[in-house]
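Results of the structural survey
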Amino acid sequence: MIISRQFTRLSLAGMLVGLSLAANARNAPEQASADIRRTSFGVPHIRAENERGLGYGIGYAYAQDNLCLLANEIVTVNGERSRYFGPDQLTVEERENQVSDLFFTWLNTPEAVAGFWKAQTQAVRDLVDGYVAGYNRSLTERRAQGLPQQCQGEWVRDITSQDLVKLTRRLLVEGGAGQFAEALAGATPPKAVAQAAGEGSSFQLAATRMQRFALDRGSNAVAVGSERSFNGRGMLLANPHFPWIGGMRFYQMHLTIPGKLDVMGAALPGLPMINIGFNQHLAWTHTVDTSKHFTLYRLQLDPKDSTRYLLDGQSLPMNKQTVTVNVKQPDGQTKAVSHVVYSSQFGPIVQWPGKLDWDNQYAYSLRDANLENDRVLQQWYAMNQASSLKDLQTSVHKIQGIPWVNTLAVDDQGQTLYMNLSVVPNVSADKLAKCSDPRVGLQLIVLDGSNSACAWDIDPNAAQKGIYAADKLPQLQRRDYVQHSNDSAWMANPAQPLTGFSPLISQEGQPLGLRSRFALDRLSTLSKAGPVSAADLQRMVMDDQVYQAGQVMPDLLQFCANDLGADAATLAPMCASLKTWDRSANLDSGLGFVHFQNVMEPLQQVPDIWRVAFDPKDPQHTPRGLALDNSQVTQAIREAMLASVEQVEKLGLKDDSRWGDIQVVSSGGQQTPIHGGPGTLGVYNAIQSVPRTDGKLEVISGTSYLQVVTFDDKGPHAQGLLAFSLSSDPTSKYSRDQTVAFSKKQLSPLPFTEQQITSDPQYQAQTIREQDEKAGKVAAQ
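The following refers to the structure shown. All values derive from a computational prediction rather than experimental measurement.

**Notes on the environment of V699**
Within the fold, V699 resides in strand β26 (residues 697-703). Sequence separation between V699 and P269 is 430 residues; the distance between their C-alpha atoms is 20 Å. Ignoring anything within four residues of it in the chain, the contact list for V699 reads W244, Q663, V664, V665, I674, I687, Q688 and S689.

**Regarding the sheet that holds strand β7 (residues 276-279)**
If you walk across this open sheet you meet the 10 strands as β19-β17-β16-β8-β7-β6-β5-β2-β1-β30, and the pairing is mixed. Where the open sheet ends on each side, the last strands, each with one partner, are β19 (475-478) and β30 (764-769). Each adjacent strand pair in this sheet contributes to an overall mean axis angle of 15°, direction not counted. In terms of strand pairing, strand β6 (residues 261-267) meets β7 through 4 bridges, oriented antiparallel. Bridging across to β7, M264 finds its partner in F278. Taken strand by strand, helix α11 (residues 389-399) contacts β8 (282-288), β16 (405-411), β17 (416-419) and β19, and its axis lies near 10° from that of β17.

**Regarding the state of the cysteines**
Under the counting rule described, the total for this entry stands at 3 disulfides. Disulfide pairing is shown between C68 and C151; the S-S distance is 2.1 Å. One quick way to see it: the torsion about the S-S bond of C68 and C151 is about -50°, and its sign makes the bridge left-handed. In this pair, C68 sits in helix α2 (residues 51-77) while C151 sits in the loop between α6 (122-145) and α7 (161-172), placing the two residues 83 residues apart along the sequence.

**Describing the packing of helix α17 (residues 592-603) against helix α18 (residues 631-651)**
Orientation of α17 relative to α18, taken along the N-to-C sense of each, is 135°, at an axis distance of 9 Å. As the angle between them shows, α17 and α18 are arranged oblique. In this structure, the crossing between α17 and α18 has a hand that is right-handed. Contacts between α17 and α18 involve V594, H595, N598, V599, P602 and L603 from the first element and A636, I637, A640, M641, S644, V645, Q647 and V648 from the second. Looking at the contact of α17 with α18 residue by residue, the class counts come to 10 nonpolar, 4 polar and no charged.

Basis of the calculations
Residues numbered from 1 in each chain as written. Predicted model: local features only at pLDDT ≥ 70, side-chain atom pairs only at ≥ 80, totals over all residues. Heavy atoms only, no water. Helix = DSSP H or I, 4+ residues; strand = E, 2+ residues; numbered from the N terminus. Contact = heavy atoms within 4.5 Å. Pairing = 2+ DSSP bridges. Axes fitted to C-alpha atoms, helices over the stretch in contact; angles between N-to-C directions. Disulfide = S-S within 2.5 Å. Parallel < 35°, antiparallel > 145°, perpendicular 65-115°, else oblique. Left-handed = near helix turned anticlockwise from the far one by under 90°. Nonpolar A, V, L, I, M, F, W, Y, C, P; charged D, E, K, R; others polar.

Encoded structure:
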C-alpha cells in the first residue's frame, strides 16, 4: 500500500483467505514484507525485518525500474537467445546469440547451479528467494497494466532462484572464461569437417572486447585518511567505470534491516546486496585489477588421437560434454543444435585461430579460478554488514569471495585500506619460469599442460584449492591515502610500493596508466595546498582534465609552428583548434579535443615516440613528451593530423563544434550531452563512446555510480549520482533525470538517515506484503 495515500481494498473473501494463510504460516516460509521509500531521482530505500523481506523489496523495486533489462539477461544466462531471437542477432556485448547460448549452457549446467546454491548461507538464500518473489510480483502487476514495449514476448517469464545463481556465475567469469566464449564455442578437433559457431568476424569482435575489458569495466578510487582529510576522518571517492547498458549496469539503493544492516550504494542486476557503497562507519569501492584469474594450459596431444593428451607421459582422453541449444529457424520453428565441448583435467579446450590453435600437436585448455568461487554473495553481504574497517578486512581474508577487483576503503576513524585480494591462481614466479614459455609474455599465462608439476599450487590457508591465500596478496593500510586506477598494486601509494609478488598477482616496474598518474599528481598538488575536501575529490572527476595533453601538447604545438611545407594550409585550421583547446573534455571544449584524440590514438603504436622514455624509478612522470627529433615520429604526427582533418570533414564537424555537440547518450528519443572522454588519454572521468551514423558518438560505458563519502560524529555524509539514471525503461521519469544532472556536473546528497529520507522533497513510501499479494490472487479467482 502507499502509506498515507491509499490502502489496499480486499473483499471479505480475500480477507478470510488472508486469515487462513496466516493460520498456516507456521508450516510455510515466513511471509515477506518490505517498506520501499523513494527519494529524489526515485532512489529506493528498502527496509524489512529480515533477509527474505529485504530481498522481496529489492526484487520488486528493481523490476519497477528495470524489468526488461533483467528479463533479457535471464534469457541470456539460460542460453535461450537463439530460441527466441534467432542465432545471428547480437547480444548487448556484440556476441552472436548462438555463441552466447552455447557458452552459457556450458557454464550454467544444472549440477553447477545446484552446487553453487548448496554452498550459500541461509541469509543469502533468503535474500535471493525474496528477490525472486518480489520481482515476480512486480512482473504480475506490470502484465496487468501492459508490459513495456521492449519486453513483450513469451521470453518474459517469472524467474527462479536458479536464474539469479546463473546471473551471478556470469558475473564471476567476466574476468576469465567469459572473454573466451567464441573460443570455447568454436573449438573442434583438427580433423572435424565443420566448425561450430564462432568463426571469422566474431573472433575479431571477441579480440576487441578483450582489449576493452578494463576500459569498459575500469574504475578510479581514492581513499583519503586522517593525515590528509579536512576533518581528520576518512574520505572516499568511488568512480567505477562500467557499462551503461546490459547486465553490468549498476542500480542505486539503500538497504536496512533494523539492528542488523544499514547500507547504501550500488549493485549489479540480480544481486540483492550492495557492491559499492557505505554504511554508518565505513565506505568502500572496487577497481578492476590486473591480476590473472585464469591460466591457459598448452596440452601436448597424443600423436594417434588429437582428442587425447599426454600428462606425465600418460595418454588421457579429453572429456566430452554435448551442449545443446534450441535455435529459431526462418520459418519460426526451433531446431536443436549441439556442440561438443572438449575438456582436459584443467578445463575446457579453447581455440582461437592464429593464437590458440588446436592442431595435431597441441591444444589449449582454460582454467578459470572463479568457476569454483561460490563465496561471492556471502562476501559482499559480509562487507555490507561490516561495522569497522577491521571487520571488512577480516571478512575478505576469511571468505576470499571477491572475483576480479581490488577493494579500497576508509572508516570514520581516518584509516584507509587497499586490498588486491581477489581470486588468483597460485602460480609462483618460480613455477612460472619453469612451466611457461617466456616468448609468450605475461598478457596471457600459458603453462605446460603435459607436466602435472605445473598445476596450481595448493595452500591450506586459502579458501579454495589452487588460489593464493589472502595473506600472500597485496594490501596496504595507511592514514594519508591510497588510490587505484586499474594498474597493478605497485603504486597504490608511492611512499610504500607493493613489490615482490608473483606476476599473476601484481607486476612492478611497469608504466602506469595515465589516470593513475593524474591521480598521483593531483593528490600531490592538493597535499601542498592543505587538507583535502570533498569538493577536491569531486573535482578530480568533474574537472574533465585531459592529463596527456599536459605531457604532449607543447610538442604538438611546436610541430604546428614548424615549416609544414605543402601541408601547411591543410593543417592550419587544425593547429589553430589545438592551440585554443582548453585541454579538457568539457561540454564546451572545442574541436581541438577531437583532433587530439585522432592524433594520439595512432601515435601510441609508434616505436620510440617519447622524448623522455619510461623510467621505473620515476613512474609518476615518465614517459612524457614527443620525440620531435625523430623523423619517424614527426612523419607519424603529420600523417595522423592529415587523417584527422579528413575524418572531421567527413563527419561534417565545423570549426565551432563543441564536445557536447558530439558525445551524447540517447534515451526515450532524447539526447543528453555527456562530458568526459577516453581514459587512455588520462581523462579521470573516463567515458567510452562509439561512432553513430550521424557523426555523433554514443556513450556505452564509463563513469557510472559516483559517490564521495565523508564522516563526522553523526555518521556518513555522501554525495553522488548514477550517471545513466536509475531506470532503463525509456518511458520512466527516472530514465534520464540523473543523466541530465551528470551532464550539468550536479552531484546530489544521498539521504541516509531516517530524517534525511523522510524530509526529501520527492519522498514517497509503499509497503508490500507477500500475504496481501497471495490473498489478492485468491480473491481474484
